[in-house]
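Residues per chain, in single letters:
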Amino acid sequence: MPLVCPHRADGQLLTSGDGHTDLYERYQLLKSIKPMVEKGLASVNDQSPTSTDADTASDEGADSNLEERLSHHVNGLQQVLTDLTKNTKALTRRYSQILEQINLGEDQSSS
């Protein structure tokens, strides 16, 4: 099963048709790659420390590829989490503005 990444080939984040990122889609992407990342990390931790020189050479190439893939996906996760944080702050700010308007309306109607 290929790893899912929330980026296009050009490095841009995937967005919905209207240009906005869908938080639920991002959540689903994170949820879908979690088992694969955990499985990958477990297999790296389970490697036996005793191996021959030929095995070591081939393992170094595989480790390099694994490190590159893991780094790519960790960077993608970091970008997703950064965007989620920005969107959460914007949503919180908007929610606070709405609550202020409601409170102002209640204060004016009670006067």
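Residues numbered from 1 in each chain as written. Predicted model: local features only at pLDDT ≥ 70, side-chain atom pairs only at ≥ 80, totals over all residues. Heavy atoms only, no water.

Would you take a moment to explain the overall build of the protein chain for this structure?
On a plain count of helices and strands, the protein chain comes out with two helices and zero strands. Burial analysis of the protein chain (111 residues in total) assigns 11% to the buried set. The long-range share in the protein chain, meaning contacts at least 24 apart out of those at least 6 apart in sequence, stands at 67%. Summing over all exposed atoms, the protein chain offers an accessible surface of approximately 8700 Å²; the carbon and sulfur share of this is 54%. (Helix = DSSP H or I, 4+ residues; strand = E, 2+ residues; numbered from the N terminus. Buried < 20%, exposed > 50% of the residue type's maximum accessible area, 1.4 Å probe, protein only. Contact = heavy atoms within 4.5 Å. Areas by Shrake-Rupley, 256 points an atom, 1.4 Å probe, with all protein chains shown as cover.)

Looking at this structure, I do not really get the packing of aromatic side chains. What am I missing?
Within a pair of aromatic rings, the relevant descriptors are the distance that separates the centres and the angle that separates the planes. Taken as a whole, this structure holds one aromatic pair when the rule is applied. Ring plane angle 35 degrees and centroid distance 6.1 Å describe the contact between tyrosine 24 and tyrosine 27, whose orientation is recorded as tilted. Placement of both tyrosine 24 and tyrosine 27 in helix H1 (residues 23-45) is noted, with a separation of three residues, approximately one turn of the helix. Residue class for tyrosine 24 comes out exposed when judged on its relative accessible area of 54%. (Phe/Tyr/Trp six-rings, centres within 6.5 Å; stacked < 30°, edge-to-face > 60°.)

Is there a simple way to explain the side chain of aspartate 83 in this structure?
Topologically, aspartate 83 is positioned in helix H2 (residues 53-110). Separated by 3.2 Å, the side chains of aspartate 83 and arginine 26 make a polar contact. (Polar contact = N/O pair within 3.5 Å; in protein donor to acceptor, adjacent residues only side chain to side chain.)

Could you clarify how one ought to interpret a nonpolar patch on the surface in this entry?
There is a patch of nonpolar side chains on the surface, built from Tyr95, Ile98, Leu99 and Ile102 and spanning about 360 Å² of accessible area. Mapping isoleucine 102 onto the fold places it in helix H2. Given the relative accessible area of 42%, isoleucine 102 is considered partly exposed. (Patch = residues over 30% accessible without salt bridge, like charges linked within 9 Å, V, L, I, M, F, W, Y side chains within 5 Å. Salt bridge = Lys/Arg side-chain N within 4 Å of Asp/Glu carboxyl O.)

How should the pattern of salt bridges be read in this particular structure?
As a working rule, side chains carrying opposite charge can pair if their charged atoms are close by. Overall, the coordinates contain one salt bridge when judged by the stated rule. Note that aspartate 83 is salt-bridged to arginine 26, the shortest N-O span being 3.2 Å. Separated by 57 residues along the polypeptide, aspartate 83 in helix H2 and arginine 26 in helix H1 bring together distant segments of the chain. Neither aspartate 83 nor arginine 26 differs from the other in exposure class; each is buried.

Such coordinate-based values are descriptive only and should not be taken to indicate function.
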